[in-house]
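Coordinate analysis (summary)
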Amino acid sequence: MLIKTEVTDGTRLELYPNRSASWKQVKLLMWIFASVCLCIAFAWAFVGAWLILPFAGLEVGLLIFVMYYVTQMTHRKEVVQVTESHILVQSGIKAPTLSWTLNKEATKVLIMEVRHPEDPPCVHLVDDKQRLELGRYLNIDDKKLMIDELKLLGLPIKNIKKNIQLVI
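These notes cover the structure that comes with them. (Residues numbered from 1 in each chain as written. Predicted model: local features only at pLDDT ≥ 70, side-chain atom pairs only at ≥ 80, totals over all residues. Heavy atoms only, no water.)

A short note on the packing of aromatic side chains
All told, the structure shown has 2 aromatic pairs when counted by the stated rule. Each ring, one from Trp23 and one from Tyr68, has its centre 5.8 Å from the other, and the planes form 70°; the classification is edge-to-face. Pair noted here: Trp23 is in helix 1 (residues 23-46) and Tyr68 is in helix 2 (residues 52-73), with a separation of 45 residues, a long-range link. Owing to a relative accessible area of 38%, Tyr68 belongs among the partly exposed residues under this scheme. (Phe/Tyr/Trp six-rings, centres within 6.5 Å; stacked < 30°, edge-to-face > 60°. Helix = DSSP H or I, 4+ residues; strand = E, 2+ residues; numbered from the N terminus. Buried < 20%, exposed > 50% of the residue type's maximum accessible area, 1.4 Å probe, protein only.)

Things to note about the pairing of strand 5 (residues 96-103)
Pairing of strand 4 (residues 86-92) with strand 5, which is carried by 7 bridges, proceeds in the antiparallel orientation. The residue of strand 5 that forms the bridge with Gln90 is Ser99. Connecting strand 4 to the next strand, strand 5, in antiparallel fashion are 3 residues. (Pairing = 2+ DSSP bridges.)

Overview of the sheet that holds strand 3 (residues 77-83)
Taken in spatial order, the 5 strands of this open sheet run 1-2-3-4-5, and their pairing is antiparallel. The outermost strands of the open sheet, each flanked by one partner alone, are strand 1 (2-7) and strand 5. Between one strand and the next, the sheet's axes are offset by a mean angle of 15°, whatever the strand orientation. In terms of strand pairing, strand 2 (residues 10-15) meets strand 3 through 6 bridges, oriented antiparallel. From the neighbouring strand, Glu14 faces strand 3, where its bridge partner is Val79. Seen against the sheet, helix 3 (residues 140-152) touches strand 1 and strand 2 and runs at an angle of roughly 20° to strand 1. (Axes fitted to C-alpha atoms, helices over the stretch in contact; angles between N-to-C directions. Contact = heavy atoms within 4.5 Å.)

Observations regarding the sheet that holds strand 7 (residues 122-126)
Across the sheet, 4 strands lie side by side as 8-7-6-9; this open sheet has mixed pairing. Every interior strand has two partners, whereas the edge strands, strand 8 (131-134) and strand 9 (157-161), have only one. Taking each pair of neighbouring strands and ignoring which way they run, the sheet shows an average axis angle of 30°. Both strand 7 and strand 8 contribute to a ladder of 4 bridges, which runs antiparallel. Within strand 8, the position partnered with Val126 by the bridge is Arg131. In the packing of helix 3 onto the sheet, contacts are made with strand 6 (108-113), strand 7, strand 8 and strand 9, and the angle to strand 7 comes to roughly 30°.

Considering the environment of Lys4
Within the secondary structure layout, Lys4 lies in strand 1. Once the C-alpha coordinates of Lys4 and Leu15 are considered, the two residues, 11 residues apart in sequence, prove to be 9.0 Å apart. In contact with Lys4, other than residues within four places in its own chain, are Thr11, Arg12, Leu13 and Glu149.

What about the environment of Ala45?
Within the secondary structure, Ala45 is located in helix 1. With 116 residues separating them along the chain, Ala45 and Lys161 place their C-alpha atoms 59 Å apart. For Ala45, the residues in contact, after removing those within four places along its chain, are Trp50, Ile52 and Leu53.

A closer look at the nonpolar core
With 21 residues, the main nonpolar core has Val80, Ile87, Val89, Leu125, Met146 and Leu150 as its most contacted residues. Of all the secondary structure elements, the ones that give two or more residues to this core are strand 2, strand 3, strand 4, strand 6, strand 7, strand 8 and helix 3. Not counting the four nearest positions on each side in its chain, Met146 is found in contact with Leu2, Leu15, Val123, Leu134 and Leu138. One finds Ala34, Cys37, Ala41 and Val60 within the second-largest nonpolar core, a separate group that totals 5 residues. (Core = buried A, V, L, I, M, F, W, Y, C linked by side-chain atoms within 4.5 Å.)

Points about the pattern of salt bridges
What the rule picks out here adds up to 4 salt bridges. The partner of Arg12 in a salt bridge is Glu14, and the shortest N-O contact between them spans 3.0 Å. We classify Arg12 as partly exposed; its relative accessible area is 23%. Close ionic contact of Glu14 with Lys77 constitutes a salt bridge, the shortest N to O distance being 3.9 Å. (Salt bridge = Lys/Arg side-chain N within 4 Å of Asp/Glu carboxyl O.)

Here it is as structure tokens:
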């Protein structure tokens, strides 16, 4: 998902992964799965198969951990702020944890085409000192929208075809 806003000194692009469920919905789903699993485990324990209880607890714990981790990763975002002289890229989950500043005059956008038509292209911001991949988690439509917005902001675009050779 891409959100474009105009700020006082430039343009701001916020890049988010698509989410199909909110945190509240994920918590409800975890409670439902855990309740069903533990009810079945307690029923088996009641009839004498008590050894199932630690494995059911491990299963529920692992399920909650994985669902929490995946939900956290869907709440990450990248912010690209383009001003007259520089480009500021910030990345993080709840707050910006990584930040890069690129010189706008020396920055270009490299689009690496992929071989499979359903794979999104890799988009990199490149200046004299660094190379950053933008929107690694975006889908094809969102990446195309991001590329169009970067074109509108006046950044030069260069398409590169990946030449992958397999050594057998």
